[in-house]
Amino acid sequence: MSHCSVGCEGRGRQEAPKRRHGGRATPWAFQLRTPESVYVDWRRKVRTGLKQLQNSYVPLFKSTKQFRGYSPTMVPALLETEGYARGLMTSISRFRDIPDDIVAAVTARLESSPIIHEPEHRFTMVIEEPALSYQLGDSDAMAAQLGYLQAIVARPDVRDA
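What counts and what doesn't
Residues numbered from 1 in each chain as written. Predicted model: local features only at pLDDT ≥ 70, side-chain atom pairs only at ≥ 80, totals over all residues. Heavy atoms only, no water. pLDDT = per-residue confidence, 0-100. Contact = heavy atoms within 4.5 Å. Phe/Tyr/Trp six-rings, centres within 6.5 Å; stacked < 30°, edge-to-face > 60°. Buried < 20%, exposed > 50% of the residue type's maximum accessible area, 1.4 Å probe, protein only. Helix = DSSP H or I, 4+ residues; strand = E, 2+ residues; numbered from the N terminus. Axes fitted to C-alpha atoms, helices over the stretch in contact; angles between N-to-C directions. Parallel < 35°, antiparallel > 145°, perpendicular 65-115°, else oblique. Salt bridge = Lys/Arg side-chain N within 4 Å of Asp/Glu carboxyl O.

Draft legend 1. Representation of the confidence of the model for the protein chain in the model. Confidence along the protein chain averages 80 in pLDDT terms, with 79% of residues attaining 70 or more. Low pLDDT, under 50, characterises residues 1-21; the predicted model gives this stretch 20 contacts beyond four residues in sequence or across chains.

The structure is reproduced here in C-alpha cells:
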C-alpha cells in the first residue's frame, strides 16, 4: 500500500502505512502516551534538582560522534559558558519550582562541553539570532558567552554557512 502525503487529489483515498509494534499495528493510545511518559521521566529526574537531569546526558554526549542541532532561542548546551548555563539553570529552576542545586547542575552540564574540541566528534549546529540576544545571565555572562561563540567560529576547523 502506498502513502501519499501531498498532492493526492483525484487519486482516491490512500492510507498511511501502519507502524508495527510486536507484529501488530501500534495502538494509538501507546503513541499518545509517549510524550507524557517522557515528561513523567523528566519530572522524576528533576524532583531533587537539575543536577540529576544534567548528569543523565553526559554518557549520551560522550558516546555520540555526530551531533546535529538547531537552536532558535538558546545557545546549545555544548557551547554554553558557565555564566550562561547558570542563568539558564536559575531560570528553569525558578519557573518550574525545582529545588535549587544550580551550582551542581551547572557543573554537571558543563562536564560534556570539552567534547566540542575533540576531533572524533563532529558537529552541525544552526543557531538563530534570537539565541544570541535573549539574555539569560547578567551582562558579563552574556558578553562572555558571545565572546566564546566568536572564538569557536574563528577556529580553522569551523565552517559557517
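Draft legend 2. Layout of the packing of aromatic side chains. Taken as a whole and judged by the stated rule, the model has three aromatic pairs. Relative to Phe 67, the ring of Phe 61 lies with its centre 5.9 Å away and its plane at 75 degrees, an arrangement referred to as edge-to-face. Assigned by exposure class, Phe 61 and Phe 67 land together as buried. Taking 4.8 Å as the distance between ring centres and 15 degrees as the angle between the ring planes, the aromatic pair formed by Phe 67 and Phe 123 counts as stacked. Here the residue Phe 67 occupies a position in strand 3 (residues 66-71), and Phe 123 occupies one in strand 4 (residues 122-127), the gap between them amounting to 56 residues. On the basis of relative accessibility, which here comes to 11%, the residue Phe 67 falls in the buried class.

Draft legend 3. Local environment of the packing of helix 2 (residues 51-63) against helix 4 (residues 102-110). Running from N to C, helix 2 and helix 4 point in directions that differ by 10 degrees, and their axes come no closer than 8 Å. Comparing the axis directions of helix 2 and helix 4 gives the class roughly parallel. Contacts between helix 2 and helix 4 involve Lys 51, Gln 54, Asn 55 and Val 58 from the former and Ala 104, Ala 105, Ala 108 and Arg 109 from the latter.

Draft legend 4. Representation of the pattern of salt bridges within the structure. Evaluation of the coordinates by the stated rule reveals six salt bridges. Here Arg 44 and Asp 41 are joined by a salt bridge, their closest N and O atoms 2.3 Å apart. In this pair, Arg 44 and Asp 41 both sit in helix 1 (residues 28-46), three residues apart, roughly one turn of the helix. For Asp 41, a relative accessible area of 28% gives the class partly exposed. Among the ionic pairs, Glu 111 bridges to Lys 62, the shortest N-O distance being 3.6 Å. In this pair, Glu 111 sits in the loop between helix 4 and strand 4 while Lys 62 sits in helix 2, placing the two residues 49 residues apart along the sequence. Because the salt bridges share partners, they merge into one network encompassing Asp 41, Arg 44 and Lys 45.

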